[in-house]
Amino acid sequence: MSTQKTAIVTGSARGIGAAVAKRLAADGLAVAVLDLDEANCADTVNAITEAGGKAIAVGANVADESSVASAVDKVVAELGAPTVVVNNAGVLRDNLLFKMSVDDWDTVLAVHLRGAFNVTKAAQKHMVDAGWGRIVNLSSTSALGNRGQANYSAAKAGMQGFTKTLAIELGKFGVTANAIAPGFIETDMTAATAARVGMDFEEFKKLSAAQIPVNRTGVPEDIAHTASFFVSEGAGFVSGQVIYVAGGPKD
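Reading guide: rules and limits
Residues numbered from 1 in each chain as written. Predicted model: local features only at pLDDT ≥ 70, side-chain atom pairs only at ≥ 80, totals over all residues. Heavy atoms only, no water. Helix = DSSP H or I, 4+ residues; strand = E, 2+ residues; numbered from the N terminus. Rg over C-alpha atoms; globule rule 2.2 N^0.38 Å. Buried < 20%, exposed > 50% of the residue type's maximum accessible area, 1.4 Å probe, protein only. Contact = heavy atoms within 4.5 Å. Phe/Tyr/Trp six-rings, centres within 6.5 Å; stacked < 30°, edge-to-face > 60°. UniProt positions renumbered as here; feature names shortened; annotations may be inferred. Axes fitted to C-alpha atoms, helices over the stretch in contact; angles between N-to-C directions. Parallel < 35°, antiparallel > 145°, perpendicular 65-115°, else oblique. Left-handed = near helix turned anticlockwise from the far one by under 90°. Nonpolar A, V, L, I, M, F, W, Y, C, P; charged D, E, K, R; others polar. Pairing = 2+ DSSP bridges.

1. Structural notes on the overall build of the protein
For step 1, the next point in the chain: Check the secondary structure of the protein and you find eight helices and seven strands.
For step 2, the next point in the chain: Relative to a compact globule of 251 residues, whose C-alpha radius of gyration would be 18 Å, the protein shows 17 Å and is just as compact.
For step 3, the next point in the chain: Taken over the C-alpha atoms alone, the protein extends approximately 55 × 35 × 35 Å along its principal axes.
For step 4, the next point in the chain: Residues counted as buried form 51% of the 251 residues belonging to the protein.
For step 5, the next point in the chain: Long-range pairs, those at least 24 residues apart, make up 69% of the contacts in the protein with a sequence separation of at least 6.

2. Describing the packing of aromatic side chains
For step 1, the next point in the chain: Overall, the coordinates contain two aromatic pairs when judged by the stated rule.
For step 2, the next point in the chain: Ring geometry for Phe184 and Phe204: centres 5.5 Å apart, planes at 55 degrees, overall tilted. Here Phe184, found in the loop between β6 (175-182) and α6 (188-196), pairs with Phe204, found in helix α7 (residues 201-210); they are 20 residues apart in sequence, far enough to count as distant.
For step 3, the next point in the chain: When its relative accessible area of 17% is taken as the criterion, Phe184 is described as buried.

3. Remarks on the UniProt feature "domain: Ketoreductase" (unreviewed entry) in the protein
For step 1, the next point in the chain: UniProt records the feature "domain: Ketoreductase" (unreviewed entry) at residues 5-183, using the numbering of this structure.
For step 2, the next point in the chain: For residues 5-183, the helix share is 47%, the strand share is 20%, and the end-to-end C-alpha distance is 29 Å.

4. Observations regarding the packing of helix α1 (residues 15-26) against helix α8 (residues 220-231)
For step 1, the next point in the chain: At a minimum axis distance of 8 Å, the contact between α1 and α8 shows a crossing angle of 45 degrees. With respect to each other, α1 and α8 are oriented oblique. Handedness of the α1/α8 crossing: right-handed. On the side of α1, the interface is formed by Gly15, Ile16, Ala19, Val20, Arg23 and Leu24, while α8 contributes Pro220, Glu221, Ile223, Ala224, His225, Ala227, Ser228 and Val231.
For step 2, the next point in the chain: Taken together, the residues of the contact of α1 with α8 break down into nine nonpolar, three polar and two charged.

5. Observations concerning the sheet that holds strand β7 (residues 242-245)
For step 1, the next point in the chain: Taken in spatial order, the seven strands make up an open sheet running β3-β2-β1-β4-β5-β6-β7, and their pairing is parallel. The sheet is open, and its two borders are formed by β3 (55-59) and β7, each paired with just one other strand. Averaged over all neighbouring strand pairs, the angle between strand axes comes to 20 degrees, with direction disregarded.
For step 2, the next point in the chain: Strands β2 (30-35) and β3 of the sheet are contacted by helix α2 (residues 42-50), whose axis makes an angle of about 170 degrees with β3.
For step 3, the next point in the chain: Against the sheet, helix α3 (residues 65-78) engages β1 (6-10), β2, β3 and β4 (82-87), with an angle of about 160 degrees to β3.

Structure, rendered in structure tokens:
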């Protein structure tokens, strides 16, 4: 009987999610690379398996309860019961409040918040049965407020409240729940933001770095390193926390 732990990382076809999936696999976990389109997960899965790790691609819409249930069943059958969940799946529908549609609001809240709820609810019974679990939720510095992101800011602040409540409810079962709030990280998402405001991405990064105390922008591996810590055995007394991985203090 394998003692290898199994992790589900949502939104892990690329960007932060892909970096987290690769890092957890390098740490020795079997990883379910979950994204909306299973085919898009191939690059992450291949990178993990070529490095000697174990991973499968799983297609699922995290905002849909039955889709998530099927996905978790697949993970259990092919990798084993998941006791680590990283809720990273997210979308942007930025706009100023007066121009933001109800659909833009609902889409962002559904993917981030309902998605995290669905995946965590489906996986938590496996953690409780095992008497051990790790939940890592992706928040953002935008939780503190960000112009043009009423939907995203509300969702990311919601992730922090969700995390703290999970920590309280599940702690007695050996399960921790923590959140990571990234600052500026170099991803397709921030590149799209630069394009939307009509800026060259390199110039956008340079301007952003000038505002960050460590004088650089973040990379997905910065977030993966923090996720690795939260998932580790040694982090068992750390729960209900939000770490801002932003190159400087945030509050």
